[in-house]
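# Architecture at a glance
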Amino acid sequence: MSARLRISRTHYPVRALGPGHRLGIWLQGCTLACKGCMSRDTWSADGGTETPVEDLAALWQSAVDRGAAGLTVSGGEPLQQAESLAAFLAAADEIRRGTDRDLDFLLYTGYDEDELDEPRRAAAARADVVVYGRFDVAQPTDLVWRGSANQRMVPQSALGRHRYAEFVDCAPARGPLQLEAGDDGPWIIGTPRRAALRTLDRSMKDLGLDVTEVTWRR
Ligand code: SF4
């Protein structure tokens, strides 16, 4: 049987987690339980949908055909499905090699580098850039694409170093944020600052929308 990944959701185009328009894949299942996590709906290892790697590769091919600049994998904790993730990133790599564009892979993990066992290290090595470290609600940050100040953005390939050099220490006045409406209610793409979430909640209440049934409150 081919490798399968348990997926929380996918989305294209993602514009708030990495440069350009991207395919976003959120993996289901995380045992790290960071206090203040805004993705508690991704914690259960029984949730989401088990998806063959081939289906995800087809999704990536479709995003590439639509002009994607890259792929962002988040969660949940992607490295708790390390072997299947490595298989998917290998398939995604084959696809990008078939283009004449530089398409980057950005991976989020709550682990630090020194916590990785061999399968997790092998999966993480397939990404051009990795954001390492647990979300720490006590360490707010303005750094782009990071949820807390302790999280480290580590370019790992020549493409990653070239494309992300300007972003490693970048702290824009307003962080990128994307609000999407799913079948299960509104959900956020990005790493919102606390003030941004409060503003969003107020705006949604003003519009008469239910802010209890949103992914960042579950
Ligand atoms: S690693 Fe990510 S998904 Fe898991 S608890 Fe921490 S912030 Fe939430």
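Here the structure is a predicted model, which is why all the values come from computation and not from measurement.

## Quick notes on the side chain of Gln81
- Secondary-structure assignment places Gln81 in the loop between strand 4 (70-74) and helix 2 (82-97).
- Note on Gln81: relative accessible area 15%, which makes it buried.

## Examining the environment of Phe135
- Mapping Phe135 onto the fold places it in the loop between strand 6 (129-132) and strand 7 (152-155).
- Relative accessible area serves as the criterion here: at 26%, Phe135 is assigned to the partly exposed category.
- In the structure, Phe135 is positioned 14 residues away from Ala149 in sequence and 8.6 Å away in space, judged by C-alpha atoms.
- With residues near it in sequence (within four places) discarded, Phe135 still touches Cys34, Lys35, Gly36, Cys37, Gly147, Ser148 and Gln151.

## A short note on the packing of aromatic side chains
- Considering all chains together, one arrives at 5 aromatic pairs under this definition.
- Residues Trp26 and Trp187 carry aromatic rings whose centres are separated by 5.3 Å and whose planes lie at 90 degrees to one another, so their mutual orientation is edge-to-face. Separated by 161 residues along the polypeptide, Trp26 in strand 2 (residues 22-27) and Trp187 in strand 9 (residues 185-190) bring together distant segments of the chain.
- A relative accessible area of 9% places Trp26 in the buried class.
- Taking the relative accessible area as the measure of exposure, Trp187 reaches 6% and is therefore buried.
- Aromatic pair Tyr164 and Phe167: ring centres 6.1 Å apart, planes at 70 degrees, arrangement edge-to-face.
- The class of Tyr164 is buried, set by a relative accessible area of 0%.
- Three or more aromatic residues joined by ring pairs form one cluster here, namely Trp145, Tyr164 and Phe167.
- Taking NZ or CZ as reference, Arg96 lies 3.8 Å from the ring centre of Phe105, over its face.

Thresholds applied
Residues numbered from 1 in each chain as written. Predicted model: local features only at pLDDT ≥ 70, side-chain atom pairs only at ≥ 80, totals over all residues. Heavy atoms only, no water. Helix = DSSP H or I, 4+ residues; strand = E, 2+ residues; numbered from the N terminus. Buried < 20%, exposed > 50% of the residue type's maximum accessible area, 1.4 Å probe, protein only. Contact = heavy atoms within 4.5 Å. Phe/Tyr/Trp six-rings, centres within 6.5 Å; stacked < 30°, edge-to-face > 60°. Lys NZ or Arg CZ within 6 Å of the ring centre and 35° of its normal.

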